[in-house]
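What the coordinates show
Here's the letter readout for the chains.
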Amino acid sequence: MFKSVKTKILAVLISLSLLTFILAFFGIYNVNRVSRTSNSVIEERIPLARCAEQAQLAGLSGVNIMNEALAVQDPEELDKVFQLEGRIREDQINFDMFVRAMIWGSESEAFKNSSGGLTYSQWKSKGWEGVIEVQQAPAKIRQLAGMADIYYDGFIKYVKEVFKAQKRILRLRLMGEINGRISNSRDELQGYIQKANRYIGLTNDTLDEVVRDIYNYLEMAGGDIKETHDSAFLTLLLFSVGIFGLSIILGLVFSKSISNPIIKLTESTRKIAAGDLAQKIDIDSKDEIGDLATSFNKMAEDLGSSMVSRDYMDNILQSMINSLVVLDQNGVIQTVNRATEKMLGYKKEELIGLKIETLFTNGSLSEFDLPGLIEKGSISDEERIYRTKKGERKDVIFSSSVMHDANGVIEGIVCVAQDITKLKQTERALQEATQAAEKAREAAEAANEAKSMFLARMSHEIRTPMNSVIGFSDMLLDTNMNEEQIEYARNITKSGEALLALINEILDFSKIEA
């Protein structure tokens, strides 16, 4: 589809930018939706709540004015009561203004024409126009506001009676009246005060109910707003996850179209570098990476026709019957062949990375002079002792050579060892047999010498007495004996000669055996 890596990357960037724009647009839309819902609630109910609170303040101001008037006791301050009565009228206008704003709405014609335009004029003069815009309240709030207006009218009615009674009492005091008429006026005054307080209490309770209703609605609306917010957030979250997932999928598709050929190229290049010249890079891409793969395949083909593959060399090394260990210039084992694994009992992976001293009996550099080997370049046919993984000794004929590149830099050290353990065991057994034979010969010679001494002693110790017996028996025959004695003497002589002959034969046989 795309014929160059640059085009693929550009396509990915454009796609991601488009997805980001869609996500931002959707987020702004949801924020505006929540904002519109919130503003609608605020614009509708908050002004009503402010009107109810202002109406309550007007009622409380009327109560305070009434109490100020009742506090006047000096007849000389009668004018002050008249002034306070004027302020009551002003509070009444304010109360009616806010209540009617709730009932009709501040922009309605009914509100503007109320009391011959006085209410709207007061609204503007107090600076409420342009500050808040009160919409017509719902039916329940309008009903409560109307009731509050009726209760407030009752309050105003009795407040006026309170002012009349208070002014009458002050005039009576001014005229010098002390007892009867003043006492009657005070009784009337207390009755009016109680009624005024009852009506203003009803007014405040009704307005409190208006405020509660408004705030209850606001609380419910807050729940609706929260639900709208949560819904918008969830929708935005799901949309974001979808966009993110789509971006990942899109990124993976495009990245794989770029990274997979690069990974194949890297793996094949590593195999070629390791000596596998038969490796081919199979990439169908028609972009720059495909061109690079074609060039690598041509290079591998050219190298294969002019070099021996590493696998071929590895097969040769692995087929050797002698141990082969390759070291780096620091004496660290880089690789070993199968013969080494078999002889020492290690796995190849266990030996790689170990020092060469590990293979020798004492595990010390004294058995492998690395600096001396590097200086000499090679050693040949030296008897050494390897140590197996189990701690057994292996006698070997050890040879080693240092390999250099064309610049004289050390590439590695090759160590070859021939296992001569069985040969050494045979030599030791032969030496032990020779030593045993020598000891046996010496023992035989000693036995022969002892035998010769024994024979010499036997020859002297046995023959001499026998010769004496034979000699004395011959001498006895020469004496005067009767026939019986002569017979006995002759038998002694014959027996002695026979015994002597037998002894001579035994001694002669022993000499021959010796």
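Read on for an overview of the structure. (Residues numbered from 1 in each chain as written. Predicted model: local features only at pLDDT ≥ 70, side-chain atom pairs only at ≥ 80, totals over all residues. Heavy atoms only, no water.)

Across its full length, the protein chain carries 13 helices and 5 strands. Counting contacts in the protein chain only where the partners sit at least 6 residues apart, residues at least 24 apart contribute 63% of the total. Carbon and sulfur atoms make up 56% of the accessible area of the protein chain, which amounts to about 31300 Å² in all. (Helix = DSSP H or I, 4+ residues; strand = E, 2+ residues; numbered from the N terminus. Contact = heavy atoms within 4.5 Å. Areas by Shrake-Rupley, 256 points an atom, 1.4 Å probe, with all protein chains shown as cover.)

Turning our attention to unusual backbone geometry. For Ser 115, which is not glycine, the phi dihedral falls at a positive 55 degrees. Residue class for Ser 115 comes out partly exposed when judged on its relative accessible area of 45%. You will see that Asp 381, though not glycine, has its phi angle at about 50 degrees, which is positive. Along the chain, the position of Asp 381 falls in strand 3 (residues 378-387). Judged by its relative accessible area of 56%, Asp 381 falls in the exposed class. (Buried < 20%, exposed > 50% of the residue type's maximum accessible area, 1.4 Å probe, protein only.)

Judged from the 5 bridges that link them, strand 1 (residues 323-327) and strand 5 (residues 410-419) form a sheet pairing that is antiparallel. Along strand 5, the bridge assignment pairs Ser 323 with Ala 417. Sheet topology note: the strand 4 (residues 393-404)/strand 5 ladder contains 9 bridges and is antiparallel. Across the sheet, the residue bridging to Ser 400 is Cys 415, located in strand 5. With antiparallel pairing between neighbouring strands as the criterion, strand 4 and strand 5 make up a hairpin whose turn holds 5 residues, including Gly 408 at a positive phi of roughly 85 degrees. (Pairing = 2+ DSSP bridges.)

Position of Leu 370 among the secondary structure elements: in helix 11 (residues 370-376). A residue is classified by how much of its surface remains accessible, and Leu 370, at 11% relative accessible area, is buried. Setting aside chain neighbours within four positions, we find Leu 370 in contact with Gln 329, Asn 330, Gly 331 and Ile 413.

Before going further, it helps to spend a moment on the side chain of Gln 122. Among the secondary structure elements, Gln 122 is positioned in helix 4 (residues 118-125). With a relative accessible area of 13%, Gln 122 lands in the buried category. Residues within four places of Gln 122 in sequence aside, it is in contact with Ile 93, Asn 94 and Met 97.

Moving on, we get to the packing of helix 2 (residues 78-104) against helix 5 (residues 139-175). Where helix 2 contacts helix 5, the two axes come as close as 10 Å, and the packing angle between them is 175 degrees. Viewed along their axes, helix 2 and helix 5 adopt a mutual orientation that is roughly antiparallel. For the contact of helix 2 with helix 5, the per-class residue count stands at 16 nonpolar, 2 polar and 8 charged. (Axes fitted to C-alpha atoms, helices over the stretch in contact; angles between N-to-C directions. Parallel < 35°, antiparallel > 145°, perpendicular 65-115°, else oblique. Nonpolar A, V, L, I, M, F, W, Y, C, P; charged D, E, K, R; others polar.)

Tallied over the full model, the rule gives 12 salt bridges. Close ionic contact of Arg 441 with Glu 438 constitutes a salt bridge, the shortest N to O distance being 2.4 Å. With Arg 441 and Glu 438 both in helix 12 (residues 421-477) and 3 residues apart, the pair spans about one turn of that helix. By relative accessible area, Arg 441 is classed as partly exposed at 40%. Accessibility expressed as a relative area gives 35% for Glu 438, which makes it partly exposed. Beyond isolated ion pairs, a larger network of salt bridges with shared partners links Arg 393, Asp 395 and Arg 428. (Salt bridge = Lys/Arg side-chain N within 4 Å of Asp/Glu carboxyl O.)

Okay, the nonpolar core next. Formed by 55 residues in total, the largest nonpolar core has its most connected members in Cys 51, Phe 95, Met 102, Trp 123, Phe 155 and Phe 163. Of all the elements in the fold, those that place two or more residues in this core are helix 1 (5-71), helix 2, helix 4, helix 5 and helix 6 (180-273). Here this core takes 15 residues from helix 5, the largest share from any one element. Those residues in contact with Phe 95 that lie beyond four places of it in its chain are Ala 55, Ala 58, Gly 59, Ala 148, Asp 149, Tyr 152, Thr 203 and Leu 207. If you look at the next biggest cluster of nonpolar residues, it comprises 23 residues, including Ile 333, Leu 370, Val 396 and Ile 410. (Core = buried A, V, L, I, M, F, W, Y, C linked by side-chain atoms within 4.5 Å.)

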